[in-house]
Each structure stands twice: as C-alpha cells, then as structure tokens.
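For reference, the chains in residue letters:
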Amino acid sequence: METATMANHEVTEEAKPAYEVVHAKSQLFYPEYERKSDLKHQTHYCPGCGHGVAHKLIAEALEDLNLQDQTILVSPVGCSVFAYYYFDVGNVQVAHGRAPAAATGLKRACPDKIVLAYQGDGDLAAIGTAEIVHAANRGEKIAVFFVNNAIYGMTGGQMAPTTLVGQRSTTSPWGRRPVNEGFPLHMAEMLSSLEAPVYIERVALSDNKNIMKARRAVRKALELQRNGAGFTFVEILSPCPTIWGKDPVEARKWVAEKMIPSFPLNVFRDRKVEIPESNQPPQKTVQEVVEGERQAARAAFVPGRHHQFDHLDIKIAGFGGQGVLLLGQLLAEIGMREGLEVSWLPSYGPEMRSGSAHCHVCLSKQRIGSPLLSRPNVLVAMNEISLRKFASQVAPGGTIIYGRERLPEDISFPQVQVVCIPASEIADKLGSAKVANVVMMGALLQETECLASATAMKVLEGKVKNPALLEFDRKALDAGRLYIDHTVALGAVTQADGFAE
C-alpha cells in the first residue's frame, strides 16, 4: 500500500533511492579511443571477445592499487596490439613475440616501474617461446598476461600452438592431429617447471564466477609486482566468437566445455623464491646512466674545435676481422667528444670473420635524420672487393682512401680524389697486423681534417687497456698521418683518375 501511494505522488529529492555505481568504465582507460569519428566510443574488439574483459580486469586492478603513473605496458603483434589505444599508462609496442625481452630491458632500466607484458597465444607461445621461457627462467620482475583463445585471431584463424586436438582452423581443416601437428602447448605448466617464477595461474573468462577468479589472479600478479617479488604469469582462457564461428554465448560455453578440460584451471606456482644475491650486476637507473654519460662527455670534450663541414658521411668497408666496425665506432666516439651529432650503423655478412663487413658513420653539426648512407662523402676501402663494390656510391668531389699501395690498373674514378696507403704493410712493420685499421684512421683524419688526432688518441686511451697494444695504436695513428704528409702529399703527381702517384 505504501509503495502504491508513493507511485501516485511526485518523488522528492530526499525520497530518491541512492544508487552505488559498481560497473563503469575504468578511469585508467582513455576517455576516447583513436578510431574513426563515429567509432571513438567503441573498442576494436569483436562482440564477445575476451580482450575487452581482460583489459577491464587489468585496468581496474591498476586503478585500485594506484599504479597508473608507475606502469609501463608492453603490447606486441596480434589482437593485443590495440592495447595502447585503451590503457592510459606508459605504452611500448614491440615486434612479434618480443614483449618479454622488451619488458626485461624496461624493468632493468626502470626498476621502480611496474612493467607488464600483454600477449596472445600465437605471439607468446609460437614466435615468442624463447623470450617467455628465458624471461621466466631468469625470474625477471615483470607481470605477463597471456590471453589464450586457441587460435590466431587477427590474421585469419590459423592453427595456434594452443589449438585443441581435433579443433579445425584454416591451416588444420581436418582438425589438429597430434601425429601431424603435435599436441597443444600448455604454457602455464611448462613455465611452472622452472625455478624462478613466483606466481603462475590459469583462469578463464567463461562465466561470472570464473571472471571473478580471474580478477583476483590479475590483482595478485600486480600486487606481487608492486612488492618486487619476481616473475608472475596469468594465463587467461578467452573466447574468440568471430574466428570460432560462434555467437558470444556459445563461445563462452565452448571455453567452459572444451578449453577448460584441456587447459585445467589451477594455481601452478605461488611461492616466494630465494634467488642468491651473490655476483649481482650493478644496477643503475636511466637517469644515472644518462648523467654519467653527460659527465664523461663534458670531461672528454675538446673545446674550441672548429669543423670545416656541416655534415660528413663516411662508409668503411673490408673483410670481417680487419677492424672495420671498430674503426667506425672509434670515429663516432671521436666525433661525439668533439661536440658533433654522430651515428654508427654496422652491416656484415653471415660470417663475421672473413665475410664482408661495412659500416656507416655520420658526423654532423645538426641532428641526423638517418644513419643509412647512400652517397657517402668518404669511402674507406680496406680491400679491393670493397673498393669495387662501393666506390661508385661516393658522391662527386668525395674521397676514397684505399688500403693498398696503388689502385688496380683496370679501374679509375675521375670524379673523386683517391688516396692509397698500404695499411697492412705499415702495420706489419710496426709489429702488429691488428692495427691496420688505426693506420687507416690516421690517414683519414689527416687527409680530410674532419677530426683531431689528439682526440682520437684520447679515445684510444680510454678504449684500449693493454699498454703494449695502446703503444702500437699510437704508432699506427702517427704512421697513417705521416704517410699522408710525407708520401702522398709531398711531390705527388695527380693522375687523371684522381690517384696521386
């Protein structure tokens, strides 16, 4: 009767029931999603997809634990690639399967952050198998959320490492057959056989009861990360209605009836792991490393050095084992100490020693757009093969420094200046064949006057710890410089091909 009376009268503000909102969009999500204008309030995921539920569980846990501003989320390739559109945290998107490796680097560089990897079954259990196994085995202090829907969802429904026996896919049209495709991988069980992980659990998004269990598992994994416990791993059995060819209700039922029997829900690991503290590597934050580099650069900086160029591109080429890549690194270091912008890009064949090797070095007063060189100003060719391969790339008016006494008779380069120096023979006379690359560096610095020999010597003093080898390097640097002054420059006759005789 009282209810009926209330219904016939205007309800006052005081009489209105007070509702507590218990289901709402997490504040940890972006207000709008980076999509077309009419889709900004919709997710990328198909109706009934488990990714939306998994996202919500992770977002709510991070929000409840007040970890938003401390979190870095690593998302790889697959449907999980869209994670950075939703989570308002630090986001890093990485190559296929590499999330644990990237997360390892991020956590070690930023030990005060909460680092998460969010991966699908094709990404984690196929191309990323090595990364996840070794990250777990090292006990990296990261949380990994593994969304297992037993299929490749984004790329068309191919068989995944977790596809069930008998389950059909575009690449297993007769169903998965153990005799042909093998058995599905059980990642939670596999990782739980390792010593280092502290927490591993498998949960499912099949019904409300199991979703609540999943919520608790996600929260626990993040709490352990907050407390610095170690490697945590939550495998989430998830529906994929579109690729399975089912409606959302059927897909959830399939998770319960088919996936859970094959992938039993369980806590596979929940323990504190004592890792020996002996021989711990030094741990520095990014800020400490950057500041250390700044101090070293300030200490080594050569004041008053005036460079005659705005931008100089150098290609160095030869056989592996000739010190080609090291020579490029040394030049980049010298340029940096003289206040230049620098880059070094190596390239070498399948055999590092005796195979072909070359590198690109950019020295510039301005920021460098790309470390890749197509028209170098200078080519340092330590053998004939490199000379023939790369000489045509040198820009007109550029310089070739060739590591032999003279050019081959059948080639000429009329548009560039060629300087020949028998670097290997000079190094042998000095007593160490290893320093032929330093002879070439001395010749390069003297011929182009791009960098100071004094700075080069300081760099060598910092790099070379063996006093005897350092003395050979000093003599080699001087020998290259003196060869240009006394043998090439004095009395030289310029030939039509640019070679000085």
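Our structure is the block above this text.
From a predicted model like this one, the values you see are computed outputs, not experimental measurements.

A. Just the packing of helix 2 (residues 50–64) against helix 8 (residues 208–226), in detail. The contact between helix 2 and helix 8 brings their axes to 9 Å, and the two run at 45°. Classified by the angle between their axes, helix 2 and helix 8 sit oblique to one another. The handedness of the crossing between helix 2 and helix 8 comes out as right-handed. Of the residues in helix 8, those in contact with Val53, Leu57, Ile58, Glu60, Ala61, Leu62 and Asp64 of helix 2 are Ile211, Ala214, Arg215, Val218, Arg219 and Leu222. Counted by class, the contact of helix 2 with helix 8 contains nine nonpolar, no polar and four charged residues.

B. Broad picture of the nonpolar core. Ranked by internal contacts, the top residues of the largest apolar core, which has 46 residues, are Ile314, Ile316, Leu331, Val380 and Met441. Those elements that place two or more of their residues in this core are strand 8 (311–319), helix 12 (324–337), strand 10 (356–364), strand 11 (378–381), helix 14 (423–430), helix 15 (436–448), helix 16 (453–463) and helix 17 (467–489). No other element matches the eight residues that helix 15 contributes to this core. If we ignore the near neighbours within four places in the chain, the residues touching Ile314 are Leu331, Cys359, His360, Val361, Leu363, Leu373, Val378, Val380 and Leu444. One finds Leu28, Tyr33, Tyr86 and Leu222 within the second-largest nonpolar core, a separate group that totals 38 residues.

C. Representation of the pairing of strand 6 (residues 232–237). The element strand 6 is extensively covered by neighbouring structure, given that six of its six residues are classed as buried. Of the two faces of strand 6, both are covered, the one formed by Thr232, Val234 and Ile236 as well as the one formed by Phe233, Glu235 and Leu237. Strand direction decides the pairing type here: strand 4 (residues 143–148) and strand 6, joined by six bridges, are parallel. Bridged to Asn148 within strand 6 is Leu237. Pairing between strand 5 (residues 199–204) and strand 6: six bridges, direction parallel. Across the sheet, Tyr199 pairs through a bridge with Thr232, a residue of strand 6. For the crossover from strand 5 across helix 8 to strand 6, the handedness is right-handed.

Cut-offs used in this document
Residues numbered from 1 in each chain as written. Predicted model: local features only at pLDDT ≥ 70, side-chain atom pairs only at ≥ 80, totals over all residues. Heavy atoms only, no water. Axes fitted to C-alpha atoms, helices over the stretch in contact; angles between N-to-C directions. Helix = DSSP H or I, 4+ residues; strand = E, 2+ residues; numbered from the N terminus. Parallel < 35°, antiparallel > 145°, perpendicular 65-115°, else oblique. Left-handed = near helix turned anticlockwise from the far one by under 90°. Contact = heavy atoms within 4.5 Å. Nonpolar A, V, L, I, M, F, W, Y, C, P; charged D, E, K, R; others polar. Core = buried A, V, L, I, M, F, W, Y, C linked by side-chain atoms within 4.5 Å. Buried < 20%, exposed > 50% of the residue type's maximum accessible area, 1.4 Å probe, protein only. Pairing = 2+ DSSP bridges. Right-handed = clockwise from strand over helix to strand, strands pointing away.

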